[in-house]
Amino acid sequence: MAVLKEEETISLAENAVKIALKHGADEAEAFIYQGFTTTVAIERGQIAKSSRIIDQGLGIRVVANKAVGFSYTNIIGSKAAVKETVLKSLKSARASKPDKDWQGFSYKKPYANVRGTFDSTICELSPEDLVKLSSSMLDAAEKTDERVFPIEGGTGASYLSRAVVNSNGVMGFDCGTIIECSLATVAHESGEVTPVCFEFNAERIYKIDPEWVGREAARLAGLSLRAKRVETRNMEVIFAHFALQQLLYYTLMDAIKADCVQRNQSALKGKIGEKVASEVVTIYDDGLLEGGLRTWKFDGEGVPQQKTPIIERGVLQNFIYDNYTAKKEGRESTGNAFRAGYLSTPNIETTNFHFAVGEKSPEELIGEVDEGLLVYSLQGAHSSNPASGEFSVVATPAWKIEKGRIVHPVRGAMLAGNVFEVLKNISDLANNERKIGSLVAPWVLVESVKVIGK
Amino acid sequence: MKDTLTKVVNAAVDQFGAEYVEIRVQKLFKTMLTIKEEMVEAAKEGIENGAAIRVLVNGAWGFASSCSLDVKTLVDVVSEACRMAKVASQKLKNPIKLVESKAFEDSVSANPKKDPSKIPIEDKIRITSTIAETMLGYDKRVKSCTVDYLDLAGTNYFMNNEGAYIEQDKLYVWSRILVTAKEGEVFTFSREEVGSTSGYEVFDIEAPEIVGERAAKRAIEQLKAKTPKGGTFPVVLGPNVVGVFVHEAFGHLAEADLTLSGSVLMGKLGKKVASDVVTIYDDGTIEGAFGSFKYDDEGVPAQKTLLVKDGVVVGLMHNRETAQKFNAKPTGNARAEDFRVEPIIRMRNTFLEPKDHSFEELIEGIKFGYYFKSFRGGQANLDGTFQVGIQEGYEIVKGEVGEPVRNASISGNTLETLYKVDAVGKDFELWPGRCGKGQTAFVCDGGPHIRVKEVLVGGGA
């Protein structure tokens, strides 16, 4: 299957909207997604697998008497299949119940230029090139520590495109690239197995460092051997990038969604203008961040992505909106309607959730800690209470810090608390910003977290 | 379909040098609904047709997928898969081999009493709305609810170059119910899931009102709950928590790909890892259960696999590749979420076998501990560290169930904890759920009530 070009994609979407209107839809919106991904995978210490995945499809959302119907198909080469899909969405809308809050799709607005989101070099990479990248990552891991076993990982290169057309005149096409490499490892020594240690590097342009990923994944596993338990008490905790992403994804990132706020599912409801975090915390949701993993010209409804202040010096500024929740409050969408490909209707998600960095190096941040933990990853973060922000998770891998130095890895320590207390207790941030999914942040130091050790 | 697939399989072997080739075609139709409070967010329907082709060339895997099902495209796709495998084989140290497996020719049809694809969408809206209305009407402190509904019906076609050809109907009906309650500054949250491979009749077995009331009641009762003390305590786990514990804490470690990756079960086959009262199965043959099917995505029949017998590890869950490495028989655990991905080792219906204790006997000797009845997520690590979040729990005080606690979780090392299981109940429940391992799989987990002498309980702040 070939890549559909901009004009072909737009015309396919326009046609779907036309069919919907012709058959009686009050409004219609077509979304087309294409994804071409080549991967070379590492399994149990060797490169053993390669794949080429092509996914293309059309999702159509229509409105009839304020009731919304949606249908999708991945057979976009056939006019009959597209028509059938559009008719299905209409049938669904007519069978459904009207939504009194429905106030129409979005209107056309100019799109900003985004930077660092497309690199033709990535499209031209051959599977042979990806084997070389995976191989250099694997070699680097093996050279770093012989007790380490690379269990899985690999390299992937993707070209993605998206188009939105709606009956209010919205019409957009955007394409981008992503390249990533990752490695998961464990270390074994005299019967002891470490938790899985993971590193990765994902970028929109061809600027990744597989050797660093390999070395780092191996180094972490080696450093996780001979773990000890810690006492139960409140202590300082440094959340490294992955741990911070896991902690916030299921709590704060939900609490700022307008949908959760409007439906009384957010502990931040009514707190705009109030202090919800310590003064050192400033966060923007930046859909236009240069090279951001979630940077696109427009969101899943064709609304321009933008930079929205969320928390400035600890004070809550804004929630994030899609078109529906924004119109419900008589305001404008913040461009946060997210689509998981063509298979679903949009839902609200953060774009690039960008923390302002601090000034200290990670070593200096560790140096500030008298007694505490450095936590790389959390287990069980998805079992947090999304409404209240309460969490009860395992910190793994994690290391004990005493008097400004890492002294040993930690086994089986649980962290419990409330994410909104954690935000108020952030005392410092490092300067080592990284992109992990939608989070763009450095390490953060939290003054007091309950650690349950034994 | 058979002719098309035969041509593709022959091309792989005759023209492109495949040692092994399998092609999996999916033709599926899905209906999805999301109800938020009393509103239908969108009624959704979709078609997903596609083919997945996996080959072994020079001992390495190549994989490619396609949305188009015509012969010419599929021959191109199989050629691409073979090229990918050849590239991957450049640095291969240990060529991949597959264990022998009988090639079946079979046709498996779903025989639902109520075929979801024949039920009008209006009826699906009615049932999901009933659940939502029941929850909203249960108590004014119920603030919001979301009810998701999915049904999926269609056929999978499987062929490999060893003579297997299987046409197998797929049928799933699933619903997830989320409800939140609020009183003052206290927020609570409760979840229920319904899932079946038998048909739409799953909503006749347990009425939507009952499911809705159970979810809402839990959210309301948790409002007055306190946070648990952190530390090590004796606990009694309900079947719902036992299920997720067995699945997360033990099951994943016994997936042979993860065992080979160095899970704590590596080298433990035939060895004792749990107390005598622990017997664990992974069973793909339970009729209508959410994790059941007749053939897996390598054409191997699903079976009832004994993993732990009286505390001793006796089996692992395999695909054909890992079975070859362990010199074992394949167990029918290779599953792929859809045509976009390769089959990997997944659980089916995983459970702990019941024994002889009544619930009263389990709690009577506990001076202070916790009764954890229902879970909210769980996760395991290869070193055996597990975590299970709890959405419904109570104190046990002097042998009696006491006040509710909220936002608890338990953690520990699987093998240490399995040794501390000192009594197993005689009841049994199986709960539907979804398991994530890069791909999503529909599963069930369950068991009876059990008592664990001590486990680490993560308390509130």
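Quick caveat, the model's predicted, so the values are computed rather than measured. (Residues numbered from 1 in each chain as written. Chains lettered and ligands numbered in written order. Predicted model: local features only at pLDDT ≥ 70, side-chain atom pairs only at ≥ 80, totals over all residues.)

## Things to note about the overall build of chain A
- When helices and strands are counted, chain A shows 11 helices and 24 strands.
- A compact globule built from 454 residues would reach a C-alpha radius of gyration of about 22 Å, and chain A, at 24 Å, matches this within 12%.
- Overall, chain A is about 70 × 55 × 35 Å in size when its C-alpha atoms are taken along their principal axes.
- Burial analysis of chain A (454 residues in total) assigns 60% to the buried set.
- Long-range pairs, those at least 24 residues apart, make up 73% of the contacts in chain A with a sequence separation of at least 6. (Helix = DSSP H or I, 4+ residues; strand = E, 2+ residues; numbered from the N terminus. Rg over C-alpha atoms; globule rule 2.2 N^0.38 Å. Buried ≥ 20, exposed ≤ 12 C-beta atoms within 10 Å, placed from the backbone. Contact = placed C-beta atoms within 7 Å.)

## As for the domain arrangement of chain A
Residue and element names in this part refer to chain A.
- If you check the domain split of chain A, you get domain 1 (6-223) and domain 2 (233-452).
- Here domain 1 and domain 2 have C-alpha centroids that lie 23 Å from each other.
- Taken together, the contact between domain 1 and domain 2 spans 37 residues of the former and 27 residues of the latter.
- Counting residues per element, the ones that place at least two in the side of domain 1 that touches domain 2 are β1 (27-43), β2 (46-64), β3 (67-73), β4 (148-166), β5 (171-189), β7 (197-203) and α5 (210-223). (Domains from an automatic or database assignment.)

## So, the environment of W102(A)
Residues and elements named next belong to chain A.
- Locating W102 in the fold gives a position in the loop between α2 (79-95) and α3 (120-124).
- For W102, a count of 18 C-beta atoms within 10 Å puts it in the partly exposed group.
- The spacing of W102 and S120 is 18 residues in sequence and 41 Å in space, taken between C-alpha atoms.
- Setting aside residues no more than four positions away along its own chain, W102 makes contact with V63, K66 and V68.

## As for the sheet that holds strand β9 (residues 283-286) of chain A
Residue and element names in this part refer to chain A.
- Strand order in the open sheet made by the 6 strands is β11-β10-β9-β14-β23-β22, with mixed pairing throughout. If you trace the sheet from one side to the other, it starts and ends with β11 (315-316) and β22 (434-436), each paired once.
- Summarising the sheet, β22 and strand β23 (residues 439-441) pair through 3 bridges and their orientation is antiparallel. Following the sheet pairing, R434 is matched in β23 by A441. (Pairing = 2+ DSSP bridges.)

## Considerations on the interface of chain A and chain B
- Facing 72 residues of chain A, the contacting portion of chain B comprises 72 residues.
- Broken down by element, the side of chain A that touches chain B gets its largest block of residues, 12 residues, from β2(A).
- As paired elements, β2(A) and strand β3 (residues 60-66) of chain B share 4 bridges and run parallel to each other. Bridged to K49(A) within β3(B) is W61(B).

## Observations regarding the nonpolar core
- Of all hydrophobic cores here, the largest spans 293 residues; its most connected members are A16(A), I238(A), F239(A), L373(A), V375(A), V55(B) and V78(B).
- With sequence-adjacent residues up to four places away left out, V55(B) is seen in contact with A12(B), A18(B), Y20(B), V21(B), G62(B), V78(B), A81(B), C82(B) and A85(B). (Core = buried A, V, L, I, M, F, W, Y, C linked by C-beta atoms within 7 Å.)

## Regarding the domain arrangement of chain B
Residues and elements named next belong to chain B.
- The domain boundaries assigned to chain B delineate domain 1 (2-223) and domain 2 (231-458).
- Measuring from the centre of the C-alpha atoms in domain 1 to the corresponding centre in domain 2 gives 23 Å.
- Taken together, the elements giving at least two residues each to the side of domain 1 that touches domain 2 come down to β1 (20-36), β2 (39-57), β3, β5 (142-160), β6 (165-183), β7 (186-196) and α5 (208-223).
- Ranked by residue count, the leading element in the side of domain 1 that touches domain 2 is β7, at 7 residues.

## Remarks on the pairing of strand β15 (residues 371-375) of chain A
Residue and element names in this part refer to chain A.
- Of all 5 residues in β15, 4 are buried, a share of seventy percent or more.
- As defined by bridge partners, strand β8 (residues 233-239) adjoins β15 across 4 bridges and the pair is classed as parallel. Across the sheet, the residue bridging to E236 is G372, located in β15.
- Bridging between β15 and strand β18 (residues 398-402) involves 5 bridges; their strand directions are antiparallel. Note on β18: the bridge partner recorded for G372 is I401.

## Section: the environment of S96(A)
- Positionally, S96(A) belongs in the loop between α2 and α3.
- Setting aside anything within four residues of it in sequence, one finds S96(A) in contact with A67(A), V68(A), G69(A), V40(B), A43(B) and I125(B).

## Considerations on the packing of helix α3 (residues 121-138) of chain B against α5(B)
Residues and elements named next belong to chain B.
- For the pair α3 and α5, interaxial distance at closest approach is 8 Å and the crossing angle is 35°. As for how α3 packs across α5, the hand of that crossing is right-handed. Mapping the contact onto sequence places I127, T130, I131, T134, M135 and Y138 in α3 and P208, E209, V211, G212, E213, A215, A216, K217 and I220 in α5.
- In terms of residue class, the contact of α3 with α5 is made up of 9 nonpolar, 3 polar and 3 charged. (Axes fitted to C-alpha atoms, helices over the stretch in contact; angles between N-to-C directions. Left-handed = near helix turned anticlockwise from the far one by under 90°. Nonpolar A, V, L, I, M, F, W, Y, C, P; charged D, E, K, R; others polar.)

## Notes on helix α1 (residues 2-14) of chain B
All names here are of chain B.
- The end-to-end C-alpha distance of α1, which contains 13 residues, comes to 18 Å, matching closely the 18 Å that a straight helix rising 1.5 Å per residue would cover.
- For α1, the complete set of buried residues consists of L5, V8, V9 and A12. Viewed end-on, α1 has its buried residues packed into an arc of 95°, placing them on one side of the element. For α1, the exposed residues lying more than 90 degrees away from the buried face are D3 and D14. (Expected span 1.5 Å × (residues − 1). Arc of directions from axis to C-beta.)

## Structural notes on the sheet that holds strand β9 (residues 280-283) of chain B
- Pairing is mixed in the open sheet, where 6 strands are placed in the order β11-β10-β9-β14-β21-β20 (chain B). Two strands bound the open sheet, and with one partner strand each, they are β11 (312-313) and β20 (429-437) of chain B.

## Description of unusual backbone geometry
- Backbone torsion omega between T396(A) and P397(A) reads -5°, so that peptide bond is classified as cis.
- In this structure, P397(A) sits in the loop between β17 (390-395) and β18.
- Although it is not a glycine, R313(A) sits at a positive phi angle of roughly 45°.
- Tracing the chain through its elements places R313(A) in the loop between β10 (307-312) and β11.
- Of note in the backbone geometry, E37(B) takes a positive phi value of approximately 50° without being a glycine.
- Position of E37(B) relative to the elements: it lies in the loop between β1 and β2.

## Some details on the environment of T322(B)
All names here are of chain B.
- As for its placement among the helices and strands, T322 is situated in helix α8 (residues 320-326).
- Using a count of 24 C-beta atoms within 10 Å as the deciding quantity, one classes T322 as buried.
- Put simply, T322 and F368 are 46 residues apart on the chain and 45 Å apart in space, counted from C-alpha to C-alpha.
- With residues up to four places along the chain from it excluded, the contact list for T322 reads A256, D257, L260 and I345.

## Observations regarding the packing of α1(B) against helix α2 (residues 71-88) of chain B
Residue and element names in this part refer to chain B.
- Where α1 contacts α2, the two axes come as close as 9 Å, and the packing angle between them is 30°. Taken as axis vectors, α1 and α2 run roughly parallel relative to one another. Where α1 crosses over α2, the two elements pack in a sense that is right-handed. Only V71, L74, V75, V78 and C82 of α2 make contact with α1, whose side of the interface consists of T4, K7, V8, A11 and A12.
- Here the contact of α1 with α2 is composed, by residue class, of 8 nonpolar, 1 polar and 1 charged. (Parallel < 35°, antiparallel > 145°, perpendicular 65-115°, else oblique.)

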